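Commentary on secondary and tertiary structure
Given next are the chains, with one letter for each unit.
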Amino acid sequence: MLNFTVDSRTCTRCGACAADCPPRIISLYSGLPAIAPEKEAACYKCQHCLAICPTAAISILGVRPENCTGLAGNLPSPEALATLIKGRRSVRRYRDENLAPELLQQLLEVAWHAPTGVNSRQVRFTVVDDRRKMADFRVKLLGELGELVRQNALPSGFERYADFVRVWEEMGQDILFRGAPHFLVASAPQTVVTPTQDCLIALSYFELYARVNGVGTVWDGLATLAITQLVPAARQWLGIPDDHAVGYCMAFGPAAVSYQRTVQHPPALVHRIP
């Protein structure tokens, strides 16, 4: 059940909820907004109706407006958001310490609000939440890669992984994860409409929110390829479901470097349709 309720004392019958409902299942036939029982299955569970109501009259799915955060006065300025986007950096130097568990959970909870295709909300975050677990995973994965190198079994196009193994074994330098104490894999069921895209969007939200919390991140394509193409057993080690598509991986943690300003890139590549 959707538990769609309307406070008749505050509802103004403005119709904003009905007009904004993606599947168009809210009606005003009885004066107050309502959803017919036979139409409930079509609900996207997006909560647009709750979010748009100007008088906070609508509750749905057990979510009440008084427990939500108002947007007026709480959004960053355009300039602040532009600085955040332009000032984000891929961090490749980390302190060997854990994030506070409360902060780590908050990062994941906020990132999980990222949009998904038809609001499927099936992105799954697999996280290595402790530096000691990360150290074990690092040793195990690089050990398996080392075996591939020694057996001359690296597929064509992956030859550079031999250098990563050599640097690790001879110098103890971790190129694969850059020494980060935490690791995040975003995956989603292959049956949803846009599994890979959903994961990439979620990780984009994660990295931006991490940045304003002083947490460094790096999009870890090297580890993503290692897990998905070279050492498939790593999926089982991490507990990633067999029916999931791995969207991408991200290493993160307390940064050992502090960037001081934005950079300047060439103008955006834009093609305007004539």
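Attention now goes to the packing of aromatic side chains. Here the structure, examined in full by the defined rule, presents 8 aromatic pairs. Centroid distance F137 to F177: 5.7 Å. Interplanar angle 55 degrees. Geometry classified as tilted. You can see F137 sitting in helix α5 (residues 131-150) and its partner F177 sitting in the loop between α6 (160-171) and β6 (182-189), a full 40 residues away along the chain. Just as F137 is buried, F177 falls in that class too. With 5.0 Å between their ring centres and 70 degrees between their planes, Y161 and F164 make a pair best called edge-to-face. Linking Y161 with F164, this pair stays in helix α6, spanning 3 residues, or about one helical turn. The same class applies to Y161 and to F164, which are both buried.

When its volume is computed, the largest pocket comes out at roughly 1,500 Å³. Lining the largest pocket are 34 residues, and of these T69, L71, L75, V110 and H113 lie nearest its centre. For the lining of the largest pocket, the secondary structure elements donating two or more residues are α2 (48-52), α3 (78-87), α4 (101-111) and α7 (195-212). Each residue belonging to the lining of the largest pocket can be placed in one class, and the counts come to 22 nonpolar, 9 polar and 3 charged.

Strands sit in the order β5-β6-β8-β7 across an open sheet of 4 strands; the sheet is antiparallel. In the strand order of this sheet, the two ends are held by β5 (124-128) and β7 (215-219), each with one partner. Going from strand to strand, the sheet's axes swing by 25 degrees on average, the running direction of each strand aside. Each of β5, β6, β7 and β8 (244-254) touches α7; the most contacted strand, β8, lies at about 10 degrees to it.

Time to look at the pattern of salt bridges. Taken as a whole and assessed by the stated rule, the structure comprises 12 salt bridges. Residue R150 pairs with E147 through a salt bridge whose shortest N-O separation is 3.4 Å. With R150 and E147 both in helix α5, this residue pair falls 3 residues apart, about one helical turn.

About the thresholds
Residues numbered from 1 in each chain as written. Predicted model: local features only at pLDDT ≥ 70, side-chain atom pairs only at ≥ 80, totals over all residues. Heavy atoms only, no water. Phe/Tyr/Trp six-rings, centres within 6.5 Å; stacked < 30°, edge-to-face > 60°. Helix = DSSP H or I, 4+ residues; strand = E, 2+ residues; numbered from the N terminus. Buried < 20%, exposed > 50% of the residue type's maximum accessible area, 1.4 Å probe, protein only. 1 Å grid on protein atoms, 1.4 Å probe; cavity = no way out; pocket = protein on both sides within 12 Å on 5 of 7 lines; lining within 4 Å. Points joined across faces, edges and corners; volume = space filled by probe spheres on them. Nonpolar A, V, L, I, M, F, W, Y, C, P; charged D, E, K, R; others polar. Pairing = 2+ DSSP bridges. Axes fitted to C-alpha atoms, helices over the stretch in contact; angles between N-to-C directions. Contact = heavy atoms within 4.5 Å. Salt bridge = Lys/Arg side-chain N within 4 Å of Asp/Glu carboxyl O.

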